[in-house]
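# Structure at a glance
Chain by chain, the residues run as shown.
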Amino acid sequence: GAGVSQSPSNKVTEKGKDVELRCDPISGHTALYWYRQRLGQGLEFLIYFQGNSAPDKSGLPSDRFSAERTGESVSTLTIQRTQQEDSAVYLCASSPRVAGNTIYFGEGSWLTVV
Amino acid sequence: TQLLEQSPQFLSIQEGENLTVYCNSSSVFSSLQWYRQEPGEGPVLLVTVVTGGEVKKLKRLTFQFGDARKDSSLHITAAQPGDTGLYLCAGSRTGRRALTFGSGTRLQVQP
């Protein structure tokens, strides 16, 4: 597709379960970002991938959060043993180069932990 | 603490009014971007400012980057209901690869 694609768009899960969120970046974009946005709030940086370099994981809030990316393609954000405070929209974005240039966001995956 | 503070957090105005949104920090940014986000969608880039003191205009929107590159403002003239949304500033710092986002300003323009 032409834009950043995320799935699922909505996910309701029970506390304690694991969830996987998927992001398909724009083809050819080397940089990929995950951000978290709580209801009505700004964006909280989670993790950044740039090509084959080691990812910047400095924003991951706990060891329950992890993300993988194969080459310059799909990325998966995994949240283990979900908690209610994990409820948020998880936004993925990609860009052709490093931060400072235009980044393109997907529509997000809305996670609700009950 | 939030690295980028936006004010006001919420603004409700009538169609035709003018408004200014502020984005402030104690840190210097190499560039600063403004995004607009509508419900159920990801943020969309409006503008990037790079040079201290830079002013950019996008129709009824005027963006300014502070001389010291620590702050920015967004001014909307004659607001329209279509301007309603969440406005986010985001800064890029030297040596930091990911953008740092502000907390956002939620604008509601009443017809």
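Anyway, here's the lowdown on the structure attached to this text. Because the structure is predicted, anything quoted here is derived from the model rather than measured.

The rules behind each value
- Think of each chain on its own: its residues are numbered from 1, step by step along the sequence as written.
- Chain labels run from A onward and ligand labels from 1 onward, assigned in the order the entries are written.
- Predicted model: local features are reported for residues with pLDDT of at least 70 only, side-chain atom pairs are reported and counted for 80 or more only, and whole-chain, interface and lining totals are derived from all residues.
- Side-chain figures throughout are based on the complete set of non-hydrogen atoms in the structure, without hydrogens or water.
- Helix and strand assignments come from DSSP, with helices taken as H or I runs of at least 4 residues and strands as E runs of at least 2, each series counted from the N terminus.
- With the radius of gyration taken over C-alpha atoms, the globule rule is written as 2.2 Å times the number of residues to the power 0.38.
- For the exposure calls, accessible area comes from a 1.4 Å probe over protein chains only, and a residue counts as buried if that area is under 20% of its type's maximum, exposed if over 50%, partly exposed in between.
- Paired strands, as defined in this entry, are two strands with at least two bridges between them according to DSSP.
- Angles here are taken between N-to-C directions and fall from 0 to 180 degrees, while the axes themselves are lines fitted to C-alpha atoms, restricted in helices to the stretch in contact.
- When a carboxyl oxygen of Asp or Glu lies within 4 Å of a side-chain nitrogen of Lys or Arg, that pair is called a salt bridge.
- The contact criterion used is simple: two residues touch if any of their non-hydrogen atoms lie within 4.5 Å.
- When two components associate, each loses some accessible surface as probed by a 1.4 Å sphere; the sum of these losses over both components is called the buried area.
- Here a polar contact is taken to be a pair of N or O atoms separated by no more than 3.5 Å, where protein atoms must pair a possible hydrogen donor with a possible acceptor and residues adjacent in sequence count only if both atoms sit in side chains.
- Polar here means any residue outside two lists: the nonpolar Ala, Val, Leu, Ile, Met, Phe, Trp, Tyr, Cys and Pro, and the charged Asp, Glu, Lys and Arg; Gly therefore counts as polar.

Looking now at the overall build of chain B. Looking only at helices and strands, one finds 0 helices and 11 strands in chain B. Reading the helices (α) and strands (β) of chain B from amino to carboxyl end gives β-β-β-β-β-β-β-β-β-β-β. Relative to the compact-globule value of 13 Å for 111 residues, chain B shows a C-alpha radius of gyration of 13 Å, a close match. Dimensions along the principal axes, computed over C-alpha positions, put chain B at roughly 45 × 30 × 20 Å. Residue burial in chain B is summarised as follows: out of 111 residues, 47% are buried.

Residue and element names in this part refer to chain A. Pairing is antiparallel in the open sheet, where 4 strands are placed in the order 1-3-7-6. Only two strands of the sheet have a single neighbouring strand rather than two, namely strand 1 (5-7) and strand 6 (65-69). Ignoring which end each strand starts from, the neighbouring axes of this sheet average 15 degrees apart.

As a further point, take the pattern of salt bridges. All names here are of chain A. This model, assessed by the stated rule, comprises 8 salt bridges over all chains. Here Glu 14 and Lys 17 are joined by a salt bridge, their closest N and O atoms 3.7 Å apart. Take Lys 17: its relative accessible area is 46%, and that puts it in the partly exposed class. Residue Arg 22 is joined to Asp 24 by a salt bridge in which the shortest nitrogen-to-oxygen separation is 3.0 Å. For Arg 22, a relative accessible area of 38% translates into the label partly exposed. With relative accessibility at 25%, the residue Asp 24 sits in the partly exposed group. Via salt bridges that share partners, Arg 36, Arg 38 and Glu 44 belong to a single interconnected network.

Residues and elements named next belong to chain A. The alternating pattern of strand 6 places Phe 65, Ala 67 and Arg 69 on a buried face and Ser 66 and Glu 68 on a face that is not buried. Relative to strand 7 (residues 75-79), strand 6 runs antiparallel, the two sharing 5 bridges. When the sheet's bridge partners are listed, Ser 66 is paired in strand 7 with Thr 78. Count of turn residues in the strand 6/strand 7 antiparallel hairpin: 5 residues, of which Gly 71 carries a positive phi of about 60 degrees.

Reports of interface size often rely on the accessible area that becomes lost once the parts have come together. Facing 21 residues of chain A, the contacting portion of chain B comprises 21 residues. For the chain A and chain B pair, buried surface summed over both sides reaches about 1,600 Å², with 53% attributable to carbon and sulfur atoms. For the interface between chain A and chain B, the tally reads 0 salt bridges. Counting every contact that joins chain A to chain B gives 3 residue pairs in polar contact (both at pLDDT 80 or more). Where the side of chain A that touches chain B is concerned, the elements lending two or more residues are strand 4 (31-37) and strand 5 (44-50) of chain A. Top contributing element to the side of chain A that touches chain B by residue count: strand 4 of chain A, with 3 residues. Residues that form the side of chain A that touches chain B fall into these classes: 10 nonpolar, 9 polar and 2 charged.

What follows deals with the sheet that holds strand 7 (residues 61-65) of chain B. All names here are of chain B. The 5 strands lie next to each other as 1-3-8-7-6, forming an open sheet whose pairing is antiparallel. At either margin of the open sheet sits one strand with a lone partner, and together these are strand 1 (5-7) and strand 6 (55-58). Shown here is a sheet whose adjacent strand axes are inclined to one another by a mean of 15 degrees, direction ignored. Note: strand 6 against strand 7, 4 bridges, orientation antiparallel. Counted as the bridge partner of Val 55 is Gln 64 from strand 7.

Residues and elements named next belong to chain B. Relative to the helices and strands, Asp 83 resides in the loop between strand 8 (71-76) and strand 9 (85-92). Judged by its relative accessible area of 8%, Asp 83 is buried. With sequence-adjacent residues up to four places away left out, Asp 83 is seen in contact with Arg 36, Arg 60, Ile 76, Leu 107 and Val 109.

Distances and angles like these do not, on their own, reveal function.
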